[in-house]
Amino acid sequence: MEDPYIDQLIHGFERRLGEEKLKWVLDQFHGEKSTEEMFEFLWDLEDAHDTLSPTLVSSGKSNSKSEKFRLEGEHYFHQKNFDKALELLNLSLMAAEHPALSDHLPYDKINNNDSSISFKECTVLAKVYACRSAVLFGLEQYEESLRDMEQALLYGFPEPELKQRQDRCLTMLMREPVISNATDAVDFDDVYSMIDKLRKVPEESWTSKEILQSSKKKRQLPKLIKHHPNVPALSSALRLKYTPKKGRHIIAEGDIMPGEVVALERSYCNGIYYEDFSNHCNMCLMECLAPLPCPNCSTVIFCSEDCRAKGLSEVHWQECSILPTLATLEKKENIVTYLAFRLILQTPFTTLRDSISVLENEAKEYDPIRLGFNSEGVYSSTEYRPLYHLVHNKSKRSSRELYETCITAFVLTKLLIMSKRYFRDSNEQPIDGSRKDFILAGRLLFHHIMNIYCNAFQLSDMKLTSPPIKTVLNVYGEGIFPGLSLFNHSCNPNVRHYNYRDHLVLRAVRFIPAGEEVCTTYCGAFYLENFETRRQYLAESYIDCTCEACLGRWPMNADLPFVLKIKCTSCSTPLSNSGHFTVCPSCHLKYGETHHDENTQILVDKWWAISEHLQNSESKVQHILMRKKLGQPVLRKDIDIVSQYLECGGKHLKFPNLGFCYGMDTMFLMFCLEFCSGGDDK
């Protein structure tokens, strides 16, 4: 397997330097030096400019490549393999030569290619749309099929050849039943019969038809009941705190109930993994299997004319010509470089130039808890300031790591210059840029590559396969969420995060008492990943976790205790429910006897009531989890059952416990898969 392009450039640079000079260069990189000092040193090396200037990879269109994909797609279409046909036709569409779009888009500020091709001359493009409309018809996606036929006609495809398919689409759309928003609950008694039916179904992942149907579902973002006055991304039920040991972290101001939304934030910037460029919209991140292509490059897709217009007037126009080169720089599963590049693109150069001295002064003089807050005392997710002040752990990095990160920033700066689309004045007019401008951009790229490593959140969607029934987490990108970066990590988190496109949501997955730290997880929870795996993963972000799960070496799922250990209602000592002869070993309260003292009897009755509630609820939670994995809707009453179980268990159970972990997973899955939409009260 060929090394990433950045590694090839570094090897060439080091061969040029030789052993002795390389040692001298490495000595210039250490944590005590500023990013400006290190980047300026590298920028002033002639050897660096001779060997670290990247060669651009073509991002252009190719009708011959498009035709190859189209013919292969038609082959699979005739074999009724619609999924494979759709995949190939999408690649064909991305590769086909395209005319300028400004006359046909809803935005005025569109940056187009220099294509002189007219709309009626795009025969290759027209054929691809016509072919894909046939595939979409086969997948029973009639609206999308009609849209593709409209595009085919726009680009010159003969109308008579599509007339019959258009009529059939319209006929089928008139026949489609109206689907009610109300859904009936599935009785618990029916669950096992449903499993028997599913066992007869061959194993498969989601098909193109299912993904297309899923993309049509109207899903509403949850809402924060009340925003924090100074950190709008957080709930007012939270408080920001600082200690030298923990740094900035979040505390529950009052009791927080399971399922409660504690944070909601849109990413400042995001990036899709390179291998997912062809199936997720470059603007809104929606999974899209009937996309629109970029008219200028064959790299990305858009889900709609609106997203395409925004992309061509905003960040994609800036990255379009150099995106294929960016994709070769690092390993396919690592997009830190791409995220840093996008972060700079989305921040106007004039903003960086005018604010850098202020930000550097804040970093030196402000108390850590104040960093990122503007003059109005607000930590705004839409401003650059919080991004700059995110932790970067420069002092913990080795000389070699700083050296390689600085080289990456050098190459990215070269790409910014080569694109000719970033360095602009306050009137949005392009400028040549000076040495000072390039060093400013480069050292900030250096800075952000480091803090993105420590602060990026993965973006994913969750799907179901059957049988065997299991959830599949598809991670397709990463995003920067400055407000959510204020939460510390725990391998035993009390909140879990999931995203809806470019928004990240944090919900409580158990009862959180006032004063407790609110933590999410940056890796798998303790019951899903073993200690060594978690420790190794977290070390890459310079996290040395000291949560109770790590300190106590809590076991994973298979080895977790299943027996409920309920705390004594008198002294909180954990007790096993072993029938009517339970006795607390600490305070010696007997739970199998009737007590004459009224207060003592109240404690005993309470313990038995808690025990009965938890056992009954645990059984129901397991059924709900099974239903979720069967793809059945979960209604408001199901959420209430799980929430009450997690609230009671969080207050009275001894951790860790397998049933309680299942309960937290059920809560997470209910919202992550979003089967319950709109708060049905049934």
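It should be emphasised that the depicted structure is a prediction, and the values quoted were computed from it without experimental measurement. As a convention, each chain's residues are numbered from 1 in the sequence order in which they are written. In view of the model being predicted, local features appear only for residues whose pLDDT reaches at least 70, and side-chain atom pairs are presented and counted only at 80 or more, with totals across whole chains, interfaces and linings using the full set of residues. Computation of side-chain values covers all heavy atoms of the structure but excludes hydrogens and water.

Chemist: So, the overall build of the protein chain: which residues are in play, and what are the values?
Modeler: Assigned secondary structure in the protein chain consists of 23 helices and 14 strands. Within the span of the protein chain, comprising 682 residues, buried residues form 54% of the whole. Here the open area of atoms and residues is found with the Shrake-Rupley method and a 1.4 Å probe, where only the protein chains shown may cover a residue. Accessible area for the protein chain stands at about 31,800 Å²; split by element, carbon and sulfur atoms hold 49% of it. Helix numbers and strand numbers start at the N terminus; a helix is a DSSP run of H or I with at least 4 residues, a strand a run of E with at least 2. Buried residues are those whose accessible area, probed at 1.4 Å on protein chains only, stays under 20% of the maximum for their type, while exposed residues exceed 50% and partly exposed ones sit between those limits.

Chemist: Quick one: what's the story with the environment of S236, residue by residue and with numbers?
Modeler: Looking at the element boundaries, S236 is found in the loop between α10 (208-216) and β1 (238-243). We call two residues in contact whenever any of their non-hydrogen atoms come within 4.5 Å of each other. Ignoring anything within four residues of it in the chain, the contact list for S236 reads K226, H227, H228 and E253.

Chemist: I'd like a rundown of the pairing of strand β11 (residues 503-508), residues and numbers included.
Modeler: Within a regular strand, side chains alternate between the sheet's two faces. Counting buried positions along β11 gives six out of six residues, so the element sits mostly inside the fold. Every second residue of β11 is oriented toward a common face, with H503, V505 and R507 on one face and L504, L506 and A508 on the other, all of them buried. Here five bridges tie strand β3 (residues 261-266) to β11, and the two strands are oriented antiparallel to one another. Bridge pairing links A263 to L506 in β11. For two strands to be treated as a pair, DSSP must find no fewer than two bridges joining them. As consecutive antiparallel partners, strand β10 (residues 495-500) and β11 are separated by two residues, and within that stretch R501 has a phi angle of approximately 55°, a positive value.

Chemist: Kindly report on helix α5 (residues 82-95), identifying the contributing residues and their values.
Modeler: Multiplying 1.5 Å by the residue count of a helix minus one yields the expected span of that helix. Across its 14 residues, α5 extends 20 Å between first and last C-alpha, which sits within 8% of the 20 Å expected from 1.5 Å per residue. Across the 14 residues of α5, 10 count as buried, placing the element largely inside the fold. The complete set of buried residues in α5 reads F82, A85, L86, L88, L89, N90, S92, L93, M94 and A95.

Chemist: An account of unusual backbone geometry is requested, with residue identities and associated values reported.
Modeler: Note: most residues except glycine have negative phi, and most peptide bonds are trans. The linkage connecting F655 with the following residue, P656, adopts the cis geometry, with an omega of -5°. Considering the arrangement of structural elements, one finds P656 in the loop between α22 (636-652) and α23 (658-672). The backbone of R501 sits at a positive phi, close to 55°, despite the residue not being glycine. Of the residues examined, R501 reaches a relative accessible area of 26% and is grouped as partly exposed. Phi is positive for Y542, which is not a glycine, with a value near 60°. Checked against the element boundaries, Y542 lands in the loop between α19 (531-539) and α20 (548-551).

Chemist: Could you give an account of the packing of helix α17 (residues 399-419) against helix α18 (residues 435-455), naming the residues involved and the relevant values?
Modeler: Axis definition: a line fitted to C-alpha atoms, limited for helices to the stretch in contact. Angles are taken between N-to-C directions and run from 0 to 180 degrees. The interhelical angle for the contact between α17 and α18, taken along N-to-C directions, is 130°, at an axis separation of 8 Å. In terms of orientation, α17 and α18 fall into the oblique class. Both α17 and α18 take part in a crossing whose hand is right-handed. Here L402, T405, C406, T408, A409, L412, T413, L416 and I417 of α17 come into contact with α18, specifically with F438, A441, G442, L445, F446, I449 and M450. Under this grouping Gly is polar, as are all residues other than the nonpolar Ala, Val, Leu, Ile, Met, Phe, Trp, Tyr, Cys and Pro and the charged Asp, Glu, Lys and Arg. Taken together, the residues of the contact of α17 with α18 sort by class into 12 nonpolar, four polar and no charged. For classification, angles of less than 35 degrees are called roughly parallel, those exceeding 145 degrees roughly antiparallel, those between 65 and 115 degrees roughly perpendicular, and all remaining angles oblique. The sense of a crossing depends on the near helix, which, turned anticlockwise from the far helix by less than a right angle, makes the crossing left-handed and, turned clockwise, makes it right-handed.

Chemist: Explain the pattern of salt bridges residue by residue, including any values.
Modeler: Only one rule defines a salt bridge in this text: a Lys or Arg side-chain nitrogen within 4 Å of an Asp or Glu carboxyl oxygen. Overall, the coordinates contain 27 salt bridges when judged by the stated rule. For R535, the salt bridge is made with D544, and the minimal N-O distance between the two is 3.8 Å. Assessed through its relative accessible area of 55%, D544 is described here as exposed. Overlapping salt bridges bring together R16, K21, D47 and D50 as one network.

Chemist: Tell me about the sheet that holds β11, and please be specific about residues and values.
Modeler: Judged by pairing direction, the sheet is antiparallel, and its three strands sit side by side in the order β3-β11-β10 without closing on themselves. A strand with exactly one partner marks an edge of an open sheet, and here the two such strands are β3 and β10. Strand-to-strand twist across the sheet, computed as the mean angle between neighbouring axes with direction ignored, equals 15°. In the packing of α23 onto the sheet, contacts are made with β10 and β11, and the angle to β10 comes to roughly 15°.

Chemist: Explain the environment of E540 to me, and be specific about the residues and the numbers.
Modeler: The topology assignment puts E540 in the loop between α19 and α20. A relative accessible area of 54% means that E540 is categorised as exposed. For the pair E540 and Y453, spaced 87 residues apart in sequence, the C-alpha to C-alpha distance is 7.9 Å.

Chemist: Report on the packing of aromatic side chains, specifying residues and quantitative values.
Modeler: Aromatic pairs are defined between Phe, Tyr and Trp rings, using the six-membered ring for Trp, whenever the two ring centres lie within 6.5 Å; interplanar angles under 30 degrees are classed as stacked, those over 60 as edge-to-face, and all others as tilted. Within this structure, the stated rule accounts for 28 aromatic pairs. Relative to F82, the ring of F77 has its centre 5.8 Å away and its plane inclined at 35°; by these criteria the two rings are tilted. Judged by its relative accessible area of 24%, F77 is partly exposed. One aromatic cluster is present, built from ring pairs that chain together F39, W43, F349, F410, Y422, F423 and F438.

Chemist: So what's going on with the environment of R510? Which residues, and what values?
Modeler: Looking at where R510 falls in the secondary structure, it is placed in the loop between β11 and β12 (519-520). The spatial distance from the C-alpha of R510 to the C-alpha of M664 is 6.7 Å, given a sequence separation of 154 residues. One polar contact links R510 to N492, side chain to side chain, over a distance of 3.4 Å. Two N or O atoms form a polar contact when they lie within 3.5 Å of each other; inside protein one atom must be a possible hydrogen donor and the other a possible acceptor, and for residues adjacent in sequence the pair counts only when both atoms belong to side chains.

Chemist: Go over the packing of helix α6 (residues 123-138) against helix α8 (residues 160-175) with me, naming the residues and quoting the values.
Modeler: The contact between α6 and α8 brings their axes to 11 Å, and the two run at 30°. Relative to α8, the crossing made by α6 is left-handed. Facing α6, whose interface residues are A130, S133, A134 and F137, α8 presents L162, R165, R168 and C169. Here the contact of α6 with α8 is composed, by residue class, of five nonpolar, one polar and two charged.

Chemist: So what's going on with the confidence of the model for the protein chain? Residues and values would help.
Modeler: Across the chain, each position has a pLDDT score giving the predictor's confidence in that residue, from 0 to 100. Here the protein chain averages 86 in pLDDT, while 85% of its residues score no lower than 70. Taken as a whole, residues 103-110 scores under 50 in pLDDT and shows 17 contacts with residues more than four places along the chain or in a different chain. This model gives residues 675-682 a pLDDT under 50, and the stretch forms 25 contacts once residues within four places in sequence are excluded.

Chemist: Describe the side chain of S643, listing the residues and the values that go with them.
Modeler: Among the secondary structure elements, S643 is positioned in helix α22. Leave out the neighbours within four places in its chain, and S643 touches P258 and M667.

Chemist: Describe in detail α6, supporting the description with residues and values.
Modeler: Compared with an ideal rise of 1.5 Å per residue, which puts 16 residues at 22 Å, α6 spans 23 Å between its outermost C-alpha atoms and is within 8% of the ideal. Counted residue by residue, α6 has 13 buried out of 16 residues, so it is predominantly covered. Within two residues after α6, E140 carries a phi angle of roughly 65°, on the positive side.

Chemist: Residue-level account of the side chain of S145, with values.
Modeler: Following the sequence through the fold, S145 ends up in helix α7 (residues 142-154). Residue S145 is classed as buried on the basis of its relative accessible area of 0%.

Chemist: Now, about the state of the cysteines: what can you tell me, with residues and values included?
Modeler: Whenever a pair of cysteine sulfur atoms sits within 2.5 Å, that pair is classed as a disulfide. Under the defined criterion, the tally for this structure stands at zero disulfides. Note on C491: no disulfide assigned, nearest cysteine sulfur contributed by C550 at a separation of 3.5 Å. A residue is classified by how much of its surface remains accessible, and C491, at 0% relative accessible area, is buried.

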